[in-house]
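Overview (structure and organization)
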Amino acid sequence: MSRKPIIAGNWKMNKTVKEAHEFVEAVKDKVPSADLVDSVVAAPFLALDRIVADSKGSDLKISAENVHFENSGAFTGEVSPVMLEDLGVHYVIIGHSERRAMFAETDETVNKKVLASFAHHLIPIVCVGETLDEREGGKWQTVVKNQVTKAFAGVPSDQAVDVVVAYEPIWAIGTGKSASSEDANEVCAYIRETISGLYDEATAAKVRIQYGGSVKPATIGDLLAQSDIDGALVGGASLDPESFLALLEAVKG
Ligand SMILES: O=C(CO)COP(=O)(O)O
């Protein structure tokens, strides 16, 4: 089963609109063909309008870093899927561990956001992953299975194949302490097995699963060589245009 790799930069709370624009201008004509790899940057809401326009006609696709699950209403400070669809945004990161830990994101809100994204033609990049305590306590299977199962609740199989799952062990995010490629692959394979249990093997075989957590241009090759890792969700190393392009180049091997 060949799945197209997907490499996504997650800028988190970095870059002004001008900086985001300059980054996209620097990389948009250099990203590899979308026949080979899906190249994505996830930017703060403020920059989305500008960089969707900047990237038009190129192989770079734009993601939001969050979305609300309602279409409109009294939700001060939130951004709806209708608004993202209207801008021409392609992807949206849902349930990043920073949002789960600091902004009260739960498995239930993650699921609502996944369903709302599909209703507005946005592809969800759903983040799952265990804490260090959970890993050391031998609980990663339970945690990850639970997060995946709840995220996919109510998603029909023809949409489930389009979900991108990002396995991001919390202890590896921004720490420089990446999971070994083999350990990361073990969890990604377990995620695929979980999806197979929810749907069937054919559906699970189509779902793309990324690894995230201190991925660098020097380490991405080994990760992508693993059987169940189909890409990466990259924080720090996606902020610099050269580094971002180096991550994408690695896909070519
Ligand atoms: O959280 C991450 C991507 O979503 C990973 O961040 P780092 O690549 O900076 O560790």
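Residues numbered from 1 in each chain as written. Predicted model: local features only at pLDDT ≥ 70, side-chain atom pairs only at ≥ 80, totals over all residues. Heavy atoms only, no water.

Here we come to the confidence of the model for the protein chain. Per-residue confidence for the protein chain gives a mean pLDDT of 97, with 100% of residues at or over 70. The weakest mean pLDDT in the protein chain belongs to helix α6 (residues 132-136) at 93; the strongest belongs to strand β4 (residues 91-94) at 99. Interface confidence for the predicted complex, expressed as ipTM, amounts to 0.99; the pTM equals 0.98. (pLDDT = per-residue confidence, 0-100. Helix = DSSP H or I, 4+ residues; strand = E, 2+ residues; numbered from the N terminus.)

Right, let's get into the nonpolar core. Within the largest apolar cluster, 64 residues are counted, with the highest numbers of intra-cluster contacts made by Leu84, Val165, Ile191 and Tyr211. Counting residues per element, this core draws most heavily on helix α9 (residues 181-198), which supplies 6 residues. Within the second largest apolar cluster, 11 residues are counted, among which are Val40, Ile93, Cys127 and Leu233. (Core = buried A, V, L, I, M, F, W, Y, C linked by side-chain atoms within 4.5 Å. Buried < 20%, exposed > 50% of the residue type's maximum accessible area, 1.4 Å probe, protein only.)

What follows covers the site of the ligand. Near the ligand lie 13 residues; those nearest to it are Lys12, His96, Glu168, Gly174 and Ser214. Contacts to the ligand include Ser214, whose backbone N or O atom sits 2.7 Å from an oxygen atom. Contact between the ligand and Gly236: an oxygen atom at 2.9 Å from a main-chain N or O atom of the residue. For the ligand, whose unbound accessible area comes to 310 Å², protein coverage reaches 96%. (Near = heavy atom within 4 Å. Polar contact = N/O pair within 3.5 Å; in protein donor to acceptor, adjacent residues only side chain to side chain. Areas by Shrake-Rupley, 256 points an atom, 1.4 Å probe, with all protein chains shown as cover.)

Attention now goes to the UniProt feature "binding site: substrate" (unreviewed entry) in the protein chain. Using the residue numbers shown here, the UniProt feature "binding site: substrate" (unreviewed entry) corresponds to Asn10, Trp11, Lys12, Gly174, Ser214, Gly235 and Gly236. In three dimensions, the annotated residues from a span of 227 residues occupy one location, with a maximal C-alpha spread of 13.8 Å. With respect to the helices, strands and loops of the structure, Lys12 is situated in the loop between β1 (6-10) and α1 (17-27). Judged by relative accessible area, which is 22%, Lys12 ranks as partly exposed. Residues in contact with Lys12, not counting those within four places in the same chain, are Pro44, Glu65, His96, Glu98, Ile173 and Gly235. Here Ser214 is to be found in the loop between β7 (208-212) and α11 (217-224). Those residues within four positions of Ser214 in sequence are excluded, and the remaining contacts are Ala172, Gly174, Thr175, Gly176, Lys177, Ser178 and Thr219. Polar side-chain contacts of Ser214 include one of 3.5 Å to the backbone nitrogen of Thr175. (UniProt positions renumbered as here; feature names shortened; annotations may be inferred. Contact = heavy atoms within 4.5 Å.)

Within β1, 5 of the 5 residues are buried, leaving the element largely enclosed by the surrounding structure. Alternating residues of β1 divide into Ile6, Ala8 and Asn10 and Ile7 and Gly9, and every residue in both groups is buried. The sheet contact formed by β1 and strand β2 (residues 38-42) spans 5 bridges and is parallel. Note on β2: the bridge partner recorded for Ala8 is Val40. Considered for its hand, the β-α-β crossover made up of β1, α1 and β2 is right-handed. The sheet contact formed by β1 and strand β8 (residues 231-234) spans 4 bridges and is parallel. Following the sheet pairing, Ile6 is matched in β8 by Gly231. (Pairing = 2+ DSSP bridges. Right-handed = clockwise from strand over helix to strand, strands pointing away.)

Quick look at the UniProt feature "active site" (unreviewed entry) in the protein chain now. Sequence positions flagged by UniProt for "active site" (unreviewed entry) are, in local numbering, His96 and Glu168. The greatest C-alpha distance among the residues just named is 8.4 Å, despite their covering 73 residues of sequence, which places them together in space. As for its placement among the helices and strands, His96 is situated in the loop between β4 and α4 (97-102). Apart from the residues within four sequence positions on either side, His96 is in contact with Asn10, Lys12, Cys127, Glu168 and Ile173. In this fold, Glu168 is placed in the loop between β6 (164-167) and α9. Beyond its immediate stretch of four places on either side in the chain, Glu168 contacts His96, Cys127, Val128, Gly129, Ile173, Gly212, Gly213 and Leu233.

The next point concerns unusual backbone geometry. In this structure, His121 takes a positive phi of about 60° despite not being glycine. By secondary structure assignment, the location of His121 is in the loop between α5 (107-119) and β5 (123-128). Here His121 falls in the exposed class, since its relative accessible area comes to 63%.

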